[in-house]
There are 2 protein chains.
Amino acid sequence: MTTTSDRPLQLLKDRLATISDVSAAEAALDWDRQTYMPEGGVEGRAEQLAALRRLAHEILVSKETRSLLEVLDEPEPGSEDFALARLARRDFERAVRLPAELVAELTRASALAQPAWERARAASDWATFAPHLEKLMRLQRETAEHLGYEDHPYDALLDLYEPGSTKARVQQMFEELKTLLVPMIHEIGALPNEGRSRPLYGEFDEAKQEEFGRGVISDFGYDWGRGRLDRVVHPFCAPLGGPGDVRITARFDRGWLSPALFAILHEAGHALYEQGVTPSYSRSPLSGGTSMGVHESQSRLWENLVGRSRAFWSFYYPRLKETFPEPLGETDPETFYRAVNEARPSEIRVEADELTYNLHILLRFELEVALIEEDLSISDLPAAWDAKTEEYLDLTAENHAQGVLQDVHWAAGLVGYFPTYSIGNVLSAQFFEAATKAHPEIPEMMGRGDFEALLGWMRANVYRHGRRYYPDELVEMATGHPLDTKPYLRYLKSKFGELYELT
Amino acid sequence: MTTTSDRPLQLLKDRLATISDVSAAEAALDWDRQTYMPEGGVEGRAEQLAALRRLAHEILVSKETRSLLEVLDEPEPGSEDFALARLARRDFERAVRLPAELVAELTRASALAQPAWERARAASDWATFAPHLEKLMRLQRETAEHLGYEDHPYDALLDLYEPGSTKARVQQMFEELKTLLVPMIHEIGALPNEGRSRPLYGEFDEAKQEEFGRGVISDFGYDWGRGRLDRVVHPFCAPLGGPGDVRITARFDRGWLSPALFAILHEAGHALYEQGVTPSYSRSPLSGGTSMGVHESQSRLWENLVGRSRAFWSFYYPRLKETFPEPLGETDPETFYRAVNEARPSEIRVEADELTYNLHILLRFELEVALIEEDLSISDLPAAWDAKTEEYLDLTAENHAQGVLQDVHWAAGLVGYFPTYSIGNVLSAQFFEAATKAHPEIPEMMGRGDFEALLGWMRANVYRHGRRYYPDELVEMATGHPLDTKPYLRYLKSKFGELYELT
């Protein structure tokens, strides 16, 4: 029953629904841009995306939204309406705190920085990119000041992607990871390089790769009636407005099995999360994932804890071998399992293994914090990058393209984003351990290609809630603890200790 | 140079650009809905499309737009800005004249009528659809009253699709067509049915059909860097915001060559028009085609005057035969030319040949005029349909599914739309004759698969102008005459007179 005092809430919901619709349209246009749009559409599409973004922003920061938020009766704490009002306030506050000119300047600066970064990386030419980064970092510092923070400007930026997290907490997390990872990586690095990943290279028909990947994620529970898989240059998962349309993408390499296979499992992890959100949350701020870190926990869980496990390959390797009898003929299951888990420091983050991956993130986190603090100047950044690469990964950078210029994030205006990758890794193990505690049969089921118990636990404890709970609340509810590195460290230590016979 | 008095014009252009962006987004979402969207996206997509439609409407009818139109200095007559202001006023006036409740009621009524029509057609059950049509026609009469007209309510509806046209002019056009067509069709109908179209049936690999179609429209000048071809149930051309992204679609039947081949040529005709509009008109009301009739003239021109001509097949038939040596082995070029031009009254409009097609339209035009006039009641419509089918096509309707229920238009809320198909037919010949007068080598060039002169004339005289001129102005400028049935009648008489050896 709708009472008079429910009226502002209903009007607010209507406005938020329109914002969701426009944002979903924007996501669909961006998906199309990356999949099927012809070259000639580039300019027009950029205008369309900008127009939709602007309209969604205008509706959010309008006087009408402000009035509704002001007169709204506080919904019952813990209720869905409570969560909705809380998120609406959070989104509204952050949108109005940023002056329109600053947002425009940041958009313009990053639109210029991205092609400059592409050219700089191609030529391994730091000097032409440096002024762009100088400007972007200044704008990011301004952004942080406008958004506000308690302890550190970096907190304001991090909170955009990981609500509630802080620089101090991320630092603490990395301290705990470093203690185990750095010595382990040094120890493995000292072993002779056996080239374990060799079986992943050869001649692998792309259509067959795709068919195999589709089979696996169908078993995971990815619903093709509410999604699809297409080819792109940079894979991503595209939720196009609620759990009814959640698409994934992949990139194929006929000479190398890893990129497509693990991208499909990774993006399917994101998609399982989105497909599992309560349908009635659609067209509201409650839809979608609660943070980048929690989202990443699901891509990592299905890619790594499932897709690089011995149980998984005990079931799927015979099928893969049947699919590719020629290139895999000589490879036994254990050798293949070791191939997909080779740990070896390399310069490129996106190609890093589970063990070294977090050190790539740590390095970026420390550098972006120092840049925001102005404790590090842009001109000193390349040397600092190389020094940390040496310290954490025992590697000497070959050139800036492989070093400080390798990622698009900073050029794209993303500062405070990198840590969510490691938060995701940590949470993936924490969620997996909690699921396995509730259903000890999960590993054995995985060995039969049966993911029902695992998916069921994730749906019940994580997916269905969408953005209803903040990450801290969700993690605590689902696992009984706040974010905790111990399950992840246990997982890495046991897995790689065995794989490399470490003492 | 921008003077102070240019300011309202620039502000108006900015608003119109946003409306164009949002409409282009809507078109892209609709393209996706019909091509790649998974089943699960249906509900969400409907909401997104409705939201974009609503936002574009709100920006158009806003106080700000009204003020700008009021204070605008009249641009120099004949200039692009003059045309832009004229169109903006036209679009604004028509949008504000319709009460929001009427628009909403019409949208709702047609959303309900379409599934009802689908069910009714499947069961050939007129009675369940009749109340929907009753209501829709009442709403259409109201719409006409709000839009306003000089002579006849039908004029107001027709003007939505064909600016400047009237019921009286369409009636006159059909009178002229009927004089030739009705006796010709009777004469052909009296000849023994030779089943001329038989060569079009057989086993035609779909991928090869597509490849052949792609080759032909590449020769036409369709630019793949600004378009693409995808598969759908009901083919359409999708301009997604300016000439940079104009996609086409087709439906394939492996047992029948016609549907895909002629749909590709037809939709490519629409696309050539859109790809040829002056690029600087993008993001303004000047972009796109000037009317449904002129648009249809281009799809018909490339499909029929080119794609069903003897010159065309003299060049392409050997290639088609090479593509399909098995089913076409026994068929000589002349037999094939006669196959794609078989004229024979049939009940279904979308399968009709060039000669009988216009009588299908005439029948619908007369009936919808009578319904708007309330000169014909909904309950008498099926009998009136059948009587006209008998009169014009010598056919006795088998059932309502093949008769009065065959088209979706009325259920979709389109009244006044049908005549634009025949206007398109008439104009196709008028434009083609003018082009051939300017470049007498066009038919001979077509026989070498060279369409440069034809496309060049169309671009220079029709396409580049977009919506700058109203249809009457454009036709007069391009051909030296107002809309004129004579070229079309000459074309039909000569082509079918020869094909059927008529006296």
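Residues numbered from 1 in each chain as written. Chains lettered and ligands numbered in written order. Predicted model: local features only at pLDDT ≥ 70, side-chain atom pairs only at ≥ 80, totals over all residues.

Engineer: Describe the overall build of chain A, with residues and values.
Structural biologist: In terms of helices and strands, chain A carries 21 helices and 3 strands. Relative to the globule expectation of 23 Å for 503 residues, the C-alpha radius of gyration of chain A, 23 Å, shows essentially globular dimensions. Based on the C-alpha atoms only, the size of chain A along its principal axes is roughly 70 × 55 × 50 Å. Out of the 503 residues belonging to chain A, those deemed buried represent 45%. (Helix = DSSP H or I, 4+ residues; strand = E, 2+ residues; numbered from the N terminus. Rg over C-alpha atoms; globule rule 2.2 N^0.38 Å. Buried ≥ 20, exposed ≤ 12 C-beta atoms within 10 Å, placed from the backbone.)

Engineer: For the sheet that holds strand 2 (residues 237–239) of chain A, give the residues involved together with the corresponding values.
Structural biologist: All names here are of chain A. Taken in spatial order, the 3 strands of this open sheet run 1-3-2, and their pairing is mixed. One side of each edge strand has no neighbouring strand; the edge strands of this open sheet are strand 1 (229–231) and strand 2. On average, adjacent strands in this sheet sit at an angle of 25° to one another, irrespective of strand direction. Two strands pair when backbone bridges link them, and strand 2 and strand 3 (residues 246–250) are joined in this way by 3 bridges, in the antiparallel orientation. Within strand 3, the position partnered with Pro-239 by the bridge is Val-246. Against the sheet, helix 1 (residues 7–35) engages strand 1, strand 2 and strand 3, with an angle of about 150° to strand 2. (Pairing = 2+ DSSP bridges. Axes fitted to C-alpha atoms, helices over the stretch in contact; angles between N-to-C directions. Contact = placed C-beta atoms within 7 Å.)

Engineer: Tell me what's going on with the packing of helix 6 (residues 126–147) of chain A against helix 7 (residues 153–161) of chain A, and back it up with residues and numbers.
Structural biologist: Residues and elements named next belong to chain A. One can describe the packing of helix 6 onto helix 7 by two numbers: an axis separation of 8 Å at closest approach and a directional angle of 85°. By the angle class used here, helix 6 and helix 7 are roughly perpendicular. Here Gln-140, Arg-141, Thr-143, Ala-144, Glu-145 and Leu-147 of helix 6 come into contact with helix 7, specifically with Pro-153, Ala-156 and Leu-157. Per-class residue counts for the contact of helix 6 with helix 7 are 5 nonpolar, 2 polar and 2 charged. (Parallel < 35°, antiparallel > 145°, perpendicular 65-115°, else oblique. Nonpolar A, V, L, I, M, F, W, Y, C, P; charged D, E, K, R; others polar.)

Engineer: Which residues make up the relation of the copies chain A and chain B, and what values do they have?
Structural biologist: Of the two same-sequence chains, chain A is brought onto chain B (RMSD 0.0 Å, axial shift 0.0 Å) by a rotation of 180°. Those values place the two copies in the arrangement expected of a two-fold rotation axis. (Least-squares fit on C-alpha atoms with pLDDT ≥ 70 in both.)

Engineer: Could you give an account of the sheet that holds strand 1 (residues 229–231) of chain B, naming the residues involved and the relevant values?
Structural biologist: Residues and elements named next belong to chain B. Strand order across the open sheet formed by 3 strands is 1-3-2, with mixed pairing between neighbours. The open sheet has two edge strands with one neighbour each: strand 1 and strand 2 (237–239). Looking at each pair of strands side by side, their axes are set apart by 25° on average, direction ignored. Contacting strand 1, strand 2 and strand 3 (246–250), helix 1 (residues 7–35) runs over the sheet at an angle of about 150° to strand 2.

Engineer: Lay out the confidence of the model for chain A with the relevant residues and their values.
Structural biologist: For chain A, the average pLDDT comes to 95, and 99% of its residues sit at 70 or higher. Here the prediction assigns the complex a pTM of 0.94, and the interface score ipTM is 0.94. (pLDDT = per-residue confidence, 0-100.)

Engineer: Describe the nonpolar core, with residues and values.
Structural biologist: By size, the foremost hydrophobic cluster in this structure holds 270 residues, and its most contacted members are Ala-268 of chain A together with Ala-268 of chain B. Shared between two domains, this core takes at least three residues from each, and those domains are domain 1 (1–97) and domain 2 (198–347 + 419–499) of chain B. Excluding residues that lie within four positions of it along the chain, Ala-268 of chain B makes contacts with Ile-217, Phe-220, Tyr-222, Ile-248 and Trp-302 of chain B. (Core = buried A, V, L, I, M, F, W, Y, C linked by C-beta atoms within 7 Å. Domains from an automatic or database assignment.)

Engineer: Explain unusual backbone geometry to me, and be specific about the residues and the numbers.
Structural biologist: Positive phi values are uncommon outside glycine, yet Arg-283 of chain A reaches one of about 60°. For Arg-283 of chain A, the location among the structural elements is in the loop between helix 10 (258–275) and helix 11 (292–306). Its 24 C-beta neighbours within 10 Å are what place Arg-283 of chain A among the buried residues. Phi is positive for Glu-374 of chain B, close to 60°, though the residue is something other than glycine. Here Glu-374 of chain B lies in the loop between helix 15 (354–373) and helix 16 (381–393). Here Glu-374 of chain B falls in the exposed class, since 12 other C-beta atoms lie within 10 Å of it.

Engineer: Give a detailed account of the interface of chain A and chain B, specifying residues and quantitative values.
Structural biologist: Of the residues lining the interface, 33 residues belong to chain A; the matching set on chain B comes to 33 residues. Counting only elements with at least two residues in the side of chain A that touches chain B, the list comes to helix 1 and helix 2 (42–60) of chain A. Looking at the side of chain A that touches chain B residue by residue, the classes come out as 13 nonpolar, 11 polar and 9 charged.

Engineer: Tell me what's going on with helix 5 (residues 100–123) of chain B, and back it up with residues and numbers.
Structural biologist: Because an α-helix packs 3.6 residues into every turn, residues spaced three or four apart end up facing the same way. All names here are of chain B. In this model helix 5 runs 35 Å from its N-terminal to its C-terminal C-alpha over 24 residues, within 8% of the 34 Å that 1.5 Å per residue would give. Of the residues making up helix 5, those classed as buried are Ser-110, Ala-113, Trp-117, Ala-120 and Arg-121. With its phi angle positive at about 50°, Ser-124 sits one or two positions after the end of helix 5. (Expected span 1.5 Å × (residues − 1).)

Engineer: Would you mind going over the environment of Ala-104 of chain A in detail, with residue names and values included?
Structural biologist: Locating Ala-104 of chain A in the fold gives a position in helix 5 (residues 100–123). On the neighbour-count criterion, Ala-104 of chain A (11 C-beta atoms within 10 Å) is exposed.

Engineer: Run through the pairing of strand 3 of chain B, naming residues and quoting values.
Structural biologist: Residues and elements named next belong to chain B. Burial within strand 3 is extensive, with 5 of its 5 residues counted as buried. Here strand 3 shows two buried faces, one formed by Val-246, Ile-248 and Ala-250 and the other by Arg-247 and Thr-249. When strand 1 meets strand 3, the two strands line up parallel, connected through 3 bridges. Bridge pairing in strand 3 links Asp-230 to Thr-249.

Engineer: Give me the packing of helix 10 (residues 258–275) of chain B against helix 11 (residues 292–306) of chain B: which residues, what numbers.
Structural biologist: All names here are of chain B. Interhelical geometry of helix 10 versus helix 11 gives an angle of 135° and a closest axis separation of 7 Å. Between helix 10 and helix 11, the interaxial angle falls into the category oblique. You can see that helix 10 and helix 11 cross each other, and the crossing is right-handed. Packed against helix 10, whose contacting residues are Phe-262, Leu-265, His-266, Glu-267, Ala-268, Gly-269, His-270, Leu-272 and Tyr-273, the element helix 11 presents His-295, Gln-298, Ser-299, Arg-300, Leu-301, Trp-302 and Glu-303 at the interface. For the contact of helix 10 with helix 11, the per-class residue count stands at 7 nonpolar, 6 polar and 3 charged. (Left-handed = near helix turned anticlockwise from the far one by under 90°.)

Engineer: Before we move on, could you go through the environment of Arg-97 of chain A and cite the residues and values that matter?
Structural biologist: Residue and element names in this part refer to chain A. Relative to the assigned elements, Arg-97 resides in helix 4 (residues 80–97). Owing to 15 C-beta atoms within 10 Å, Arg-97 belongs among the partly exposed residues under this scheme. Note: C-alpha distance between Arg-97 and Gly-148 (51 residues apart in sequence) is 8.7 Å.

Engineer: Before we move on, can you summarise the environment of Glu-150 of chain A with the specific residues and values?
Structural biologist: With respect to the element layout, Glu-150 of chain A can be found in the loop between helix 6 and helix 7. Sequence separation of Glu-150 of chain A and Thr-166 of chain A is 16 residues, and the distance between their C-alpha atoms is 9.6 Å.

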